[in-house]
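Residues per chain are reported as follows:
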Amino acid sequence: MYCGKCAVAQWQPVLVDETEWMVEDGVLELKLIKDVRRDENARRGPSSEWWSGVIAGEPSLDRAKVVVDEYVRLESLPPDQQAQMLREHELNAAAARDKAEEAHEVRERANADAAAAAAAEAALPEQTRRRLEALRAHFPEIPIEYGKTSD
């Protein structure tokens with residue numbers, strides 16, 4: 001494919017007559033239509049071909065970030081790819097649940113630590129509390145805490 005005067009080597013062939021490009025606000029926008037009419041796609045169907053990228057030699061796309069529902073109906077894929085996409089979807093959903101649970105636990109621990117620190121500080125003698133307040137007023141950019149500050 002030629003884009004202006006520069007040759008671009010792509011991962012797989014595209015339909016050159018349907019390729020469009022333009023430069024807008026200094027950004028090159030390409031619209032490439034994959035040429036899926038090759039013999040190797042006749043066996044498994046045109047939806048079976050997933051590209052790892054567009055330009056040969058560039059970093060591959062992270063397939064974990066691809067949501068198949070945005071591009072292809074799952075039922076149009078061959079059974080082996082349907083199973084693979086469902087497994088990946090289930091793994092991604094489980095990872096998201098684990099991440100949300102971990103974030104919740106971190107917030108809970110932080111809240112419990114803050115409550116314990118507030119209780120410990122409230123139990124201090126008045127003069128010590130005033131000194132802490134004076135330090136905090138003098139150094140507002142530094143978090144000054146009383147009690148256990150690390151595990």
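Residue indices follow the written sequence of each chain, beginning from 1 at its first position. Reporting of local features is limited, given that this is a predicted model, to residues whose pLDDT is at least 70; pairs of side-chain atoms are given and counted only at 80 or more, and all residues count toward the totals for whole chains, interfaces and linings. Only heavy atoms go into the side-chain values, all of them from the structure, while hydrogens and water stay out.

As for unusual backbone geometry
Phi at Asp 25 is positive, roughly 55°, even though this residue is not glycine. Here a strand is any run of E in DSSP of at least two residues, a helix any run of H or I of at least four, and the numbering for each starts at the N terminus. Within the secondary structure layout, Asp 25 lies in the loop between strand 3 (20-24) and strand 4 (27-31).

So, the pairing of strand 3
On any regular strand, side chains alternate: one points to one face of the sheet, the next to the other face. Two strands pair under a simple rule: DSSP has to find at least two bridges between them. Looking at chain direction, strand 3 and strand 4 are connected through five bridges and run antiparallel. What sits directly across from Trp 21, in strand 4, is Leu 30. Between strand 3 and strand 4, which pair antiparallel one after the other, the connecting turn spans two residues, and Asp 25 there sits at a positive phi close to 55°.

Points about helix 2 (residues 79-122)
To estimate how far a helix should extend, the number of its residues minus one is multiplied by 1.5 Å. Helix length check: helix 2 (44 residues) gives 64 Å between terminal C-alpha atoms against 64 Å at 1.5 Å per residue, within 8%. Regarding helix 2, the residues found buried are Gln 81, Met 85 and Glu 121. Buried residues are those whose accessible area, probed at 1.4 Å on protein chains only, stays under 20% of the maximum for their type, while exposed residues exceed 50% and partly exposed ones sit between those limits.

Things to note about the confidence of the model for the chain
Across the chain, each position has a pLDDT score giving the predictor's confidence in that residue, from 0 to 100. Mean pLDDT over the chain: 78, with 75% of residues reaching 70 or higher. When mean pLDDT is taken per element in the chain, helix 3 (residues 126-138) scores highest with 92 and strand 1 (residues 2-3) scores lowest with 42.

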